[in-house]
Amino acid sequence: MGVISGLEQWLVYHPSILNFSWNPPQTPASSPLFLSLSILSYLSLTLLLSLLPLPHFPSRLLKPITALHNLTLLLLSLLMVMGCTLTLLTHTPHLRWAICFPPHTQPTGPLFFWAYIFYLSKVLEFLDTLFIILSRSIRRLSFLHVYHHATVLLMCYLWLQTSQSLFPIALLTNASVHVIMYSYYFLSALGIRPSWKRAVTDCQILQFLFSFAVSGLMLHYHFSGSRSGCSGIWGWCFNAVFNASLLALFVDFHLKSYANRRTKKDTVSLKES
């Protein structure tokens, strides 16, 4: 209990977290200009760097930097999972708030602090693309990768700007998947190849399916509850369309990556028999 109490004090009741308020443009990185320039800069630099003949970066220099980057995002994702979970269990008036905020909810307090950290972490994740380009693994630089990294920043901005209902569930599931994903990338950067690469994609697909299932419950609260709906429903609409597009792209990636491998293995087996 002492450990849990200590975590609560640092991750929920610390004054900077407890008194957090999303207040554009006073809150750092909260202006529409910052959002627009971040996305445009990411897309422009990704296109430019992927076309330019960049100098060779020795793997002995690039791998430690990549490992540190992945470890940072792994620990940050774990921190967000713990902070959001403890906030829901100890600070929110009712666990129903994880699914449906009351109308006109103000973006203040610990839940929105962790949404803000999640939003900032998406800017840090832009470096994923840089490391892919520097490692010359251009085949990994897919439309899915770039589209996801660019659009997810806008999604997180809308969480805060609209006080969007259901974002605590989205934050928990996404950050949990990122703990698994960046664990895999961290170990790979160290030269260890875990056998559960496919599980990363499977978890991402399950995350989207779960989000649609919980969205049904949120819509039930929104349209049939005694209160006048859930906060941030228009932000949720964008989120739902974005998740649907990602699910389609991830399923397509999964089929192409693993169905093709299975076909090749079957072909090899037939040749050997």
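How each quantity is defined
Residues numbered from 1 in each chain as written. Predicted model: local features only at pLDDT ≥ 70, side-chain atom pairs only at ≥ 80, totals over all residues. Heavy atoms only, no water. UniProt positions renumbered as here; feature names shortened; annotations may be inferred. Helix = DSSP H or I, 4+ residues; strand = E, 2+ residues; numbered from the N terminus. Phe/Tyr/Trp six-rings, centres within 6.5 Å; stacked < 30°, edge-to-face > 60°. Buried < 20%, exposed > 50% of the residue type's maximum accessible area, 1.4 Å probe, protein only. Lys NZ or Arg CZ within 6 Å of the ring centre and 35° of its normal. Patch = residues over 30% accessible without salt bridge, like charges linked within 9 Å, V, L, I, M, F, W, Y side chains within 5 Å. Areas by Shrake-Rupley, 256 points an atom, 1.4 Å probe, with all protein chains shown as cover. Salt bridge = Lys/Arg side-chain N within 4 Å of Asp/Glu carboxyl O. Lys, Arg positive; Asp, Glu negative; His and termini not counted. Charge placed at Lys NZ, Arg CZ, Asp CG, Glu CD. Disulfide = S-S within 2.5 Å. Contact = heavy atoms within 4.5 Å. Axes fitted to C-alpha atoms, helices over the stretch in contact; angles between N-to-C directions. Parallel < 35°, antiparallel > 145°, perpendicular 65-115°, else oblique. Nonpolar A, V, L, I, M, F, W, Y, C, P; charged D, E, K, R; others polar.

## A closer look at the UniProt feature "transmembrane region" (unreviewed entry) in the protein chain
Feature annotation in UniProt assigns "transmembrane region" (unreviewed entry) to the following positions: residues 33-52, 73-91, 111-134, 141-160, 166-187, 199-221 and 233-255. Helix makes up 90% of residues 141-160 and strand 0%, with an end-to-end C-alpha separation of 29 Å. Annotated as residues 166-187, this span is 95% helix and 0% strand, and its ends, taken at the C-alpha atoms, are 32 Å apart.

## Thoughts on the packing of aromatic side chains
The tally for this structure, following the rule as stated, stands at 21 aromatic pairs. Judged by centre distance (5.2 Å) and plane angle (25°), the ring pair of Phe20 and Tyr116 falls under stacked. You can see Phe20 sitting in the loop between helix H2 (15-18) and helix H3 (32-51) and its partner Tyr116 sitting in helix H5 (residues 110-124), a full 96 residues away along the chain. Its relative accessible area of 9% is what places Tyr116 among the buried residues. Through successive ring pairs, a cluster of aromatic residues spans Phe20, Trp22, Phe113, Trp114, Tyr116, Tyr119 and Tyr157. Geometry around Tyr221 places Arg96 over its ring, the cationic atom sitting 3.9 Å from the centre.

## Describing a positive patch on the surface
Taken together, the side chains of Lys63, Arg139, Arg140, Arg193 and Lys197 present a region of like positive charge at the surface. Tracing the backbone through its elements, the reader meets Arg193 in the loop between helix H8 (167-189) and helix H9 (197-224).

## A few points about the state of the cysteines
Going through the model one piece at a time under the given rule, you end up with one disulfide. Disulfide pairing is shown between Cys100 and Cys230; the S-S distance is 1.9 Å. Between Cys100 and Cys230, the S-S torsion sits near -105°, and that sign places the bridge as left-handed. Here Cys230 lies in the loop between H9 and helix H10 (233-272) and Cys100 lies in the loop between helix H4 (59-90) and H5, a separation of 130 residues in the sequence. Comparing Cys100 with Cys230 shows no difference in burial state: the two are buried. This cysteine, Cys156, is not joined by any disulfide, and Cys84 carries the nearest cysteine sulfur, 12 Å off.

## Quick look at the side chain of Ser211
Its place among the elements puts Ser211 in helix H9. Judged by its relative accessible area of 16%, Ser211 is buried. Discounting chain neighbours no more than four positions away, the residues touching Ser211 are Leu166 and Asn243.

## Concerning the environment of Trp114
Along the chain, the position of Trp114 falls in helix H5. Between the C-alpha atom of Trp114 and that of Thr87, which follows or precedes it by 27 residues, the distance is 9.3 Å. Leaving out residues up to four positions away in the same chain, Trp114 has contacts with Leu11, Ile17, Leu79, Met80, Gly83, Cys84, Thr87 and Leu171.

## Looking at the packing of H3 against helix H7 (residues 143-161)
Relative orientation of the contacting elements H3 and H7 amounts to 175°, with a least axis distance of 11 Å. The angle between the axes of H3 and H7 places the two elements in the roughly antiparallel class. Of H7, the residues touching H3 (which contributes Pro32, Leu35, Ser38, Ile39, Tyr42, Leu43 and Thr46) are His145, Val146, His149, Ala150, Leu153, Leu154 and Tyr157. When grouped by side-chain class, the residues that make up the contact of H3 with H7 number ten nonpolar, four polar and no charged.

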